[in-house]
Amino acid sequence: NLNDAPTFEAMPDTVAAEDVLYSSAMTGADIDTEDSLVYSAPDIPAWLTFNDTTGVLSGTPENSDVGFHDVRLTIDDGTITLDSAFQIRVANVNDAPTITSAPDTVANQDQLYISSISAIDVDIGDSLIYSAPLLPQWLSFNDTTQILSGTPLNNDVGDNPVTLRVNDGTVNV
């Protein structure tokens, strides 16, 4: 009795999204019913794991994983090993910028107040736009240098609401 090669019945999805759990399975078959199939994943990216019992690839890619990743999966029936090589593309998902500074929240009457805001965005290519949609009259904001400055006077004593904003082209923080 000649051994027949196993076959791939279903292959994992080839697209994943950054920061979203990816879980997809490979299944195989063999018309030689006495053959036991062994699944393996000799080549997978670090963000993925492979369950050799279920044939499931799973993992959550991060921003640094955006792009294409080589994958090689195998089915072995004890005599014949079948390989499948493909790529999984991790699609970028916009991440909101993160404000990395905390402006001073206390200003003294008749003294120059200076503070600044800074932010980062892990998405490559995002340009950050700074703004100050809410400022008291005595305070000004330079959106190029991200510096908040001004001198409060006697009639400015008390709480002065301030809103500083960073936008990455999609999200306001």
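What you are looking at is a predicted structure, and each value in this text was computed from that prediction instead of being measured. (Residues numbered from 1 in each chain as written. Predicted model: local features only at pLDDT ≥ 70, side-chain atom pairs only at ≥ 80, totals over all residues. Heavy atoms only, no water.)

Draft legend 1. Quick look at the sheet that holds strand β8 (residues 67-76). One open sheet accounts for 4 strands, arranged β2-β9-β8-β5; its pairing is mixed. Taken across any chain shown, the strands that pair with only one partner, and hence form the sheet edges, are β2 (15-17) and β5 (38-43). Within the sheet, the average angular offset between the axes of one strand and its neighbour, ignoring direction, is 30°. Both β2 and strand β9 (residues 81-91) contribute to a ladder of 3 bridges, which runs parallel. Bridge assignment links Val15 to a residue of β9, and that residue is Arg89. (Pairing = 2+ DSSP bridges. Helix = DSSP H or I, 4+ residues; strand = E, 2+ residues; numbered from the N terminus. Axes fitted to C-alpha atoms, helices over the stretch in contact; angles between N-to-C directions.)

Draft legend 2. Inspection of the packing of aromatic side chains at higher detail. For the structure shown, the criterion picks out 2 aromatic pairs. With 6.2 Å between their ring centres and 85° between their planes, Tyr113 and Trp138 make a pair best called edge-to-face. Note that Tyr113 is positioned in strand β11 (residues 113-116) and Trp138 in the loop between β13 (129-134) and β14 (139-142), a separation of 25 residues in sequence. There is no split in this pair, since Tyr113 and Trp138 are both buried. (Phe/Tyr/Trp six-rings, centres within 6.5 Å; stacked < 30°, edge-to-face > 60°. Buried < 20%, exposed > 50% of the residue type's maximum accessible area, 1.4 Å probe, protein only.)

Draft legend 3. Seen up close, the pattern of salt bridges. Overall, the coordinates contain 2 salt bridges when judged by the stated rule. A salt bridge links Asp43 to Arg72; the nearest nitrogen and oxygen atoms lie 2.9 Å apart. Placement of the pair is Asp43 in strand β5 and Arg72 in strand β8, with a sequence separation of 29 residues. Using a relative accessible area of 36% as the deciding quantity, one classes Asp43 as partly exposed. Note on Arg72: relative accessible area 28%, which makes it partly exposed. Note that Asp83 is salt-bridged to Arg72, the shortest N-O span being 3.3 Å. (Salt bridge = Lys/Arg side-chain N within 4 Å of Asp/Glu carboxyl O.)

Draft legend 4. Layout of the side chain of Ser84. By the secondary structure assignment, Ser84 is in strand β9. The residues touching Ser84, leaving out its near neighbours within four places in the chain, are Phe8, Met11, Val71, Arg72 and Leu73. (Contact = heavy atoms within 4.5 Å.)

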